[in-house]
Amino acid sequence: LEMNYIKKYIKQTVSFYETIDLKKILQIENLILNKIKNKKQIFTCGNGGSASVANHFLCDFNKGIKISSKQKLIPKVISLSDNIETILAVSNDINFNKVFCSQLENLGNKGDLLITMSCSGSSSNIVEAIKFAKKKNITTLSLTGFASKKIQKLSDLNFDVGVKNYGISEDIFQSLMHMISQNIRYKHSSNREEKVY
């Protein structure tokens, strides 16, 4: 009986991977790779556990892809969840809803990419960031756990996990990030026989 919840957690996770949309993953990968090749900035953001994934994104792309690609791909990934001083200042002096779009106003340029991660898909600061990005012609990609139709329509590209569990959703966000970064590394490695992970 005490293992039932763990079994359910595993079952939900496995169920997602058994029905995963590989074409959508490739579409996301191509979008990210296009931005890297065109030397565009890639911004990531999220709240709570999703903020950790947004920050981790930097490591696997900025360092991982750069050192293993024969074409010298140099990603320019910036996490809007990483600067606690700015986040607290904007929250305190302006509004918590503006913590991400305020930074985008300073750093974002036309043609850049904003990747948002939100389990609920309705976090107000994420919605505000997407709306701001759209006004500035910054491409938007949203990863959501159980998205409302609003954020799905708002983003240029949305990948919805379809699991109403915050932990599983964040596990999958992290997994998607690893799948895509490692596949880019593999495809662009000078020696595909080498382990690129």
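Read on for an overview of the structure. Residue numbers here run from 1 along each chain, matching the order of that chain's written sequence. It should be noted that, the model being predicted, local features are given only for residues of pLDDT at least 70 and side-chain atom pairs only at 80 or more, the latter also being counted only at that level, while totals for whole chains, interfaces and linings use all residues. Neither water nor hydrogens contribute to the side-chain values; these are computed over all heavy atoms in the structure.

**Side note on the nonpolar core**
Argument step 1. Only buried Ala, Val, Leu, Ile, Met, Phe, Trp, Tyr and Cys residues count toward a nonpolar core, and they belong to the same one when joined by side-chain atoms within 4.5 Å. Relative accessible area decides the class of each residue, using a 1.4 Å probe on protein chains only: under 20% of the type maximum gives buried, over 50% gives exposed, and in between gives partly exposed. The biggest cluster of nonpolar side chains holds 33 residues, and the ones touching the most others in it are I32 and F61.
Argument step 2. Each helix corresponds to a stretch of at least 4 residues labelled H or I by DSSP, and each strand to a stretch of at least 2 residues labelled E; elements are numbered beginning at the N terminus. Every element with two or more residues in this core is listed here: α2 (22–37), α3 (49–68), β3 (113–118), β4 (139–144), β5 (157–160) and α8 (166–187).
Argument step 3. With 7 residues, the top contributor of residues to this core is α8.
Argument step 4. In what follows, residue pairs with any heavy atoms lying within 4.5 Å of each other are defined as contacts. Those residues within four positions of I32 in sequence are excluded, and the remaining contacts are I42, F57, F61, L113, I115 and I180.
Argument step 5. Grouped together as the second largest cluster of nonpolar side chains are 20 residues, L80, L104, A129 and I138 included.

**Describing the sheet that holds strand β1 (residues 41–46)**
Argument step 1. Strand order in the open sheet formed by 5 strands is β2-β1-β3-β4-β5, with parallel pairing between adjacent strands. On the outer flanks of this sheet lie β2 (76–79) and β5, each paired with one strand and no other. Each strand of the sheet is rotated relative to its neighbour by a mean of 15°, with strand direction disregarded.
Argument step 2. Here β4 runs beside β5; their pairing, made up of 4 bridges, is parallel. When the bridges of β5 are listed, S142 appears paired with N158. We call two strands paired when DSSP finds no fewer than two bridges between them. The axes are straight lines fitted to the C-alpha atoms, using for helices just the contacting stretch, and the angles between their N-to-C directions are given from 0 to 180°.

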